Amino acid sequence: MAYPLTHRQYYEGLKAGKLLGLKCGKCGAITAPPKINCLQCNGADLEVVELSGQAEIKTFTVVRVPPEGMTAPYVVALAELAEGPWLMGNLEVADPGAVTMDIIGRKVTVGHKVVPADLYSAGEGVAVTFSICGSPPPSGREAVKKMIC
Ligand SMILES: [Zn+2]
């Protein structure tokens with residue numbers, strides 16, 4: 001069985017400024033990140049679609065003891081996309097150590113950052129990022145899409 005959207009294609013999409021997902025031909029649900037079956041009904045009739053990149057923070061944690069190669073603190077968040085599925089990513093804020101529960105429910109846009117290869121990976125990777133609406137990413141990176149908050 002062929003994957004309708006591989007992780008490589010998903011990450012290449014992010015690098016090109018597109019958040020890609022899969023729309024189920026059976027129930028209409030959106031699946032992201034890519035899977036071989038629909039998250040809702042397990043159907044396999046999936047079509048690649050471009051998603052809005054709009055999401056809402058549902059929960060998060062602040063990592064204060066980083067793995068080798070990472071710099072702490074940083075925020076790992078789960079955000080619910082406007083289309084339904086939840087994505088995990090790094091929340092880009094100026095002061096990650098100062099993030100509080102107040103960010104739950106905040107609107108964010110999905111972006112990406114290129115992660116250099118390290119001892120534990122097979123090469124350069126791409127990580128999903130979230131930027132709070134109305135605040136530019138601290139690094140100056142562009143979000144996938146400018147959104148109206
Ligand atoms: Zn489905």
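Residues numbered from 1 in each chain as written. Predicted model: local features only at pLDDT ≥ 70, side-chain atom pairs only at ≥ 80, totals over all residues.

### Looking at the sheet that holds strand β1 (residues 19–24)
The condition that has to hold: Pairing between strands is defined by DSSP: at least two bridges between them are needed. In DSSP terms, a helix is any run of H or I states spanning at least four residues, a strand is any run of E spanning at least two, and both are numbered starting from the N terminus.
With antiparallel pairing, three strands are arranged side by side in an open sheet as β2-β1-β3. Each end of this open sheet is capped by a strand with a single partner; those strands are β2 (30–31) and β3 (46–51). Strand direction decides the pairing type here: β1 and β3, joined by six bridges, are antiparallel. Residue Leu19 lies in a different strand from β3, and its bridge partner there is Leu51.

### Regarding the sheet that holds strand β7 (residues 107–115)
For clarity, the threshold we go by: Whenever a helix is involved, its axis is fitted only over the stretch in contact; in every case the axis is a line through C-alpha atoms, and angles between N-to-C directions fall within 0 to 180 degrees.
Taken together, the five strands give a closed barrel; going around it, the order is β4-β5-β6-β8-β7, and neighbouring strands pair in mixed fashion. Each strand axis lies, on average, 45 degrees off the axis of its neighbour in the sheet, ignoring direction. Where strand β6 (residues 86–92) lies against strand β8 (residues 125–132), three bridges are found, and the strand directions are parallel. Bridge pairing in β8 links Asn90 to Thr129.

### Considering helix α1 (residues 7–15)
Our working definition: Three classes are used. A residue is buried when 20 or more other C-beta atoms lie within 10 Å of its own, exposed when 12 or fewer do, and partly exposed in between, with C-beta atoms placed from the backbone. Throughout, the arc means that of the directions going from the helix axis to the C-beta atoms. Contact between two residues is assigned whenever their backbone-derived C-beta positions fall within 7 Å.
Tyr10, Tyr11, Gly13 and Leu14 are the residues of α1 that are buried. Along the axis of α1, the buried positions cluster into a sector of 155 degrees, meaning they face one direction only. Residues of α1 that are exposed and point over 90 degrees away from its buried face: Arg8 and Lys15. Residues of α1 that are buried sit in contact with β1, β7 and β8. Gly17 occupies a position one or two residues after α1 and carries a positive phi of about 85 degrees.

### Digging into the nonpolar core
Definition in use: The nonpolar core is taken to be a set of buried Ala, Val, Leu, Ile, Met, Phe, Trp, Tyr and Cys residues joined by way of C-beta atoms within 7 Å. Residue ranges assigned to each domain were obtained from an automatic or database domain assignment.
Formed by 23 residues in total, the largest nonpolar core has its most connected members in Ala55, Ile57, Ala77, Ala79 and Phe130. Of all the secondary-structure elements, those providing two or more residues to this core are α1, β1, β3, β4 (54–63), β5 (74–81), β7 and β8. Looking at which element gives the most residues to this core, the answer is β5, with four residues. Here this core gathers at least three residues from each of two domains, domain 1 (7–51) and domain 2 (54–132). Excluding residues that lie within four positions of it along the chain, Ala79 makes contacts with Ala55, Glu56, Ile57, Lys58, Trp86, Leu87, Gly89, Val108 and Phe130.

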